[in-house]
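# Descriptive analysis of the structure
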Amino acid sequence: MQKQNTDNLELSPKIQMILIFICCAVYTIAYIGRYSYTANSIPIIEYYKVNKDEFSLATTFFFFAYGAGQILNGIFCRRYNMRFTIAGALILSAVINGLVFFGLPFKFIKYVWLINGLCQSVFWASLLRILSCYLDEAHMKKAVIIMSTPVTVGTLVIYGLSALLALFENGFLYAFLIAFILMGLMGAIWLIYFPKLTKNARLENRPTGAAETTETTETTETAKEKAGRRFFMSGIFYMLVLFCIYAIVSNYVKDGLTTWIPQILNEQYNLPDSLSIILTLVLPIFGLCGAVLAVFINKYVKNHSDLLGVFFGLTSITVIGVQLLFKTDLWLLVLIMFGLVSLFMNGANNIITNMFPLYVGKKYNSGLIAGLLNGACYVGSTLSQYLIAVIAIAGDWTAVINVFLYLALGITAFSLILFVIRMIREKRGKKNLSE
């Protein structure tokens, strides 16, 4: 039987939506295996009898590996066989979570969590690369919204499970078992169904890393060289550098809050362990609205740098409110304000790692851009895991909040300066044209 020629076939709208949702499911479940350790900070510290900086070493190792891996995967993801790469990363991350459940000694957790960071770094750049290759423009807009939800939903699920499991003796260990099962199943589903979903796509769009003929390779290499020169000479390169800085700051605040809020509530307001963890769910619940707010404001503020300036400005105002109330007994109001900070920083994160890469994905390698930006995000995450613990030990939680404020105000001021400069240039340009 002759093999069907599929060069001119496109994915149907139904298949495109299924592809978006299966990519969303992969990243959501990956988050469960990513935060199974972080979400259980209080019981892990008590169970293994370690202090905050010893606990944070594993998350620091993770985020270091994740950040470096994001950059490497962003560069090389266009050469991957996406079927086996994503399935393999899911299954290996599942095994690592399983090792913790089955009694891996604490001194080894930081090393396997570093490997987990490398596994987890595969997903974002690869999934955005897949979506930018297979989706038409109409479905790309839907993907921007849908792919903004895994971070919040995954965080919500793992923190909700952890809060429930904290009610039982050593129950936190079952968070790792659940991650082991879900990620293993998702790896199998991806392995089976991804090739079935994409078999009728245009061959030239398939991001599988398949071998090419010599003639095609030469043509492609020439095109890549020209594209590379255009990339570094264009404004997109400088915007990418700028957004990397924004990404570091936004994730220092966002992931710093996600990791340490249970400890803040426990130590500052003497709330029980289980309640401290369950109240942390306020962050992802608020954070889910961040992507929607970003898309809404983007209708009126088109420039992505200006849009980020708005979100950092709102964060600055909210953190000032936290400062004023932090030493009072109004812990619920403080928690709501932390939720608003999470909302704004999740919105900023969505602009940086989702909206912007997909927006420029038709002209540039969206996987590379997403990988670099997500890598920068996790530089901020890495710094937050260890530095916040050090600051809290050396001073107190007020000092941690002060650092949040200084960072947010700095980015807000810088964005405002860039806006003023651009307005002056545009005004001069219009004046020269009129003359």
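Structure first, text after, so check above.
Now for a description of the structure that goes with this document. (Residues numbered from 1 in each chain as written. Predicted model: local features only at pLDDT ≥ 70, side-chain atom pairs only at ≥ 80, totals over all residues. Heavy atoms only, no water.)

## Section: empty space enclosed by the protein
One pass over the full model with this rule turns up two cavities of 30 Å³ or more. In this structure, the largest cavity encloses a volume near 160 Å³. Looking at the largest cavity, it is lined by 18 residues, and the ones nearest its centre are S148, V151, N349, N350 and T353. At the level of secondary structure, the elements contributing two or more residues to the lining of the largest cavity comprise α1 (13–35), α8 (149–165), α11 (235–269), α13 (282–298), α15 (331–359) and α16 (366–394). At five residues, α15 tops the list of elements feeding residues into the lining of the largest cavity. Taken as a whole, the second largest cavity holds about 90 Å³ of empty space. Lining the second largest cavity are 13 residues, with V151, T155, K254, T258 and N346 positioned closest to its centre. Those elements that provide at least two residues to the lining of the second largest cavity are α1, α8, α11, α13 and α15. Taken together, the residues that form the lining of the second largest cavity break down as five nonpolar, six polar and two charged. (1 Å grid on protein atoms, 1.4 Å probe; cavity = no way out; pocket = protein on both sides within 12 Å on 5 of 7 lines; lining within 4 Å. Points joined across faces, edges and corners; volume = space filled by probe spheres on them. Helix = DSSP H or I, 4+ residues; strand = E, 2+ residues; numbered from the N terminus. Nonpolar A, V, L, I, M, F, W, Y, C, P; charged D, E, K, R; others polar.)

## Observations regarding helix α7 (residues 137–146)
Inspection of α7 places H139, M140, A143, V144 and I146 among the buried residues, and these make up the whole buried set. A side-chain oxygen of the first residue of α7 lies 3.3 Å from the backbone nitrogen of A138; this N-cap is D136. (Buried < 20%, exposed > 50% of the residue type's maximum accessible area, 1.4 Å probe, protein only. Polar contact = N/O pair within 3.5 Å; in protein donor to acceptor, adjacent residues only side chain to side chain.)

## A few points about the layout of surface pockets
Over the atoms, a rolled probe matching the size of one water molecule traces out where space is still vacant. Space inside the second largest pocket adds up to approximately 750 Å³. Elements represented by at least two residues in the lining of the second largest pocket include exactly α7, α11, α13 and α15. If one sorts the elements of the lining of the second largest pocket by residue count, α7 sits on top with five residues. Tallied by class, the residues present in the lining of the second largest pocket amount to twelve nonpolar, three polar and six charged.

## Looking at the side chain of N40
The topology assignment puts N40 in the loop between α1 and α2 (41–48). We classify N40 as buried; its relative accessible area is 0%. Of note is the side chain of N40, whose polar atom sits 3.1 Å from the side chain of S162. What N40 contacts, discounting residues up to four positions off in sequence, is S162, F172 and A175. (Contact = heavy atoms within 4.5 Å.)

## Things to note about the packing of α1 against helix α9 (residues 173–198)
Running from amino to carboxyl end, α1 crosses α9 at an angle of 160°, the nearest separation of the two axes being 10 Å. Here α1 is positioned roughly antiparallel relative to α9, judged by the angle of their axes. The handedness of the crossing between α1 and α9 is left-handed. Residue-level contacts link I15, I18, L19, I22, C23, A25, V26, I29, A30, I32 and G33 of α1 to A179, L182, M183, M186, I189, W190, Y193, F194, L197 and T198 of α9. (Axes fitted to C-alpha atoms, helices over the stretch in contact; angles between N-to-C directions. Parallel < 35°, antiparallel > 145°, perpendicular 65-115°, else oblique. Left-handed = near helix turned anticlockwise from the far one by under 90°.)

## Some details on the packing of aromatic side chains
By the definition in use, this model includes 24 aromatic pairs. Seen from their ring centres, Y269 and F326 are 6.1 Å apart, and the 75° between their planes marks the pair as edge-to-face. Of the two residues, Y269 sits in helix α11 while F326 sits in the loop between α14 (304–325) and α15, which places them 57 residues apart along the sequence. Pairwise contacts between aromatic rings join Y37, F55, W113, F176, W260 and W397 into one cluster. (Phe/Tyr/Trp six-rings, centres within 6.5 Å; stacked < 30°, edge-to-face > 60°.)

## Topic: helix α5 (residues 106–120)
Here α5 contains 15 residues, and its C-alpha end-to-end distance of 21 Å stays within 8% of the 21 Å for a straight helix at 1.5 Å per residue. Buried residues of α5: F106, I109, K110, V112, W113, N116, G117, C119 and Q120, and no others. Its buried side turned inward, α5 meets α1, α2, α3 (52–76), α4 (82–101), α6 (123–134) and α9. (Expected span 1.5 Å × (residues − 1).)

## Thoughts on a nonpolar patch on the surface
Taken together, the side chains of L57, V379, L383, Y386, L387 and V390 make up a nonpolar region of the molecular surface, amounting to roughly 430 Å² of accessible area. A per-element tally of the nonpolar patch places α16 first, with five residues. Take Y386: it is sitting in helix α16. (Patch = residues over 30% accessible without salt bridge, like charges linked within 9 Å, V, L, I, M, F, W, Y side chains within 5 Å. Areas by Shrake-Rupley, 256 points an atom, 1.4 Å probe, with all protein chains shown as cover. Salt bridge = Lys/Arg side-chain N within 4 Å of Asp/Glu carboxyl O.)

## Things to note about the pattern of salt bridges
Inspection of the entire model under this criterion finds four salt bridges. Two residues, K327 and D396, come together in a salt bridge whose shortest N-O distance is 3.7 Å. Taken together, the residues span a long stretch of sequence, with K327 in the loop between α14 and α15 and D396 in the loop between α16 and α17 (397–434) at a distance of 69 residues.

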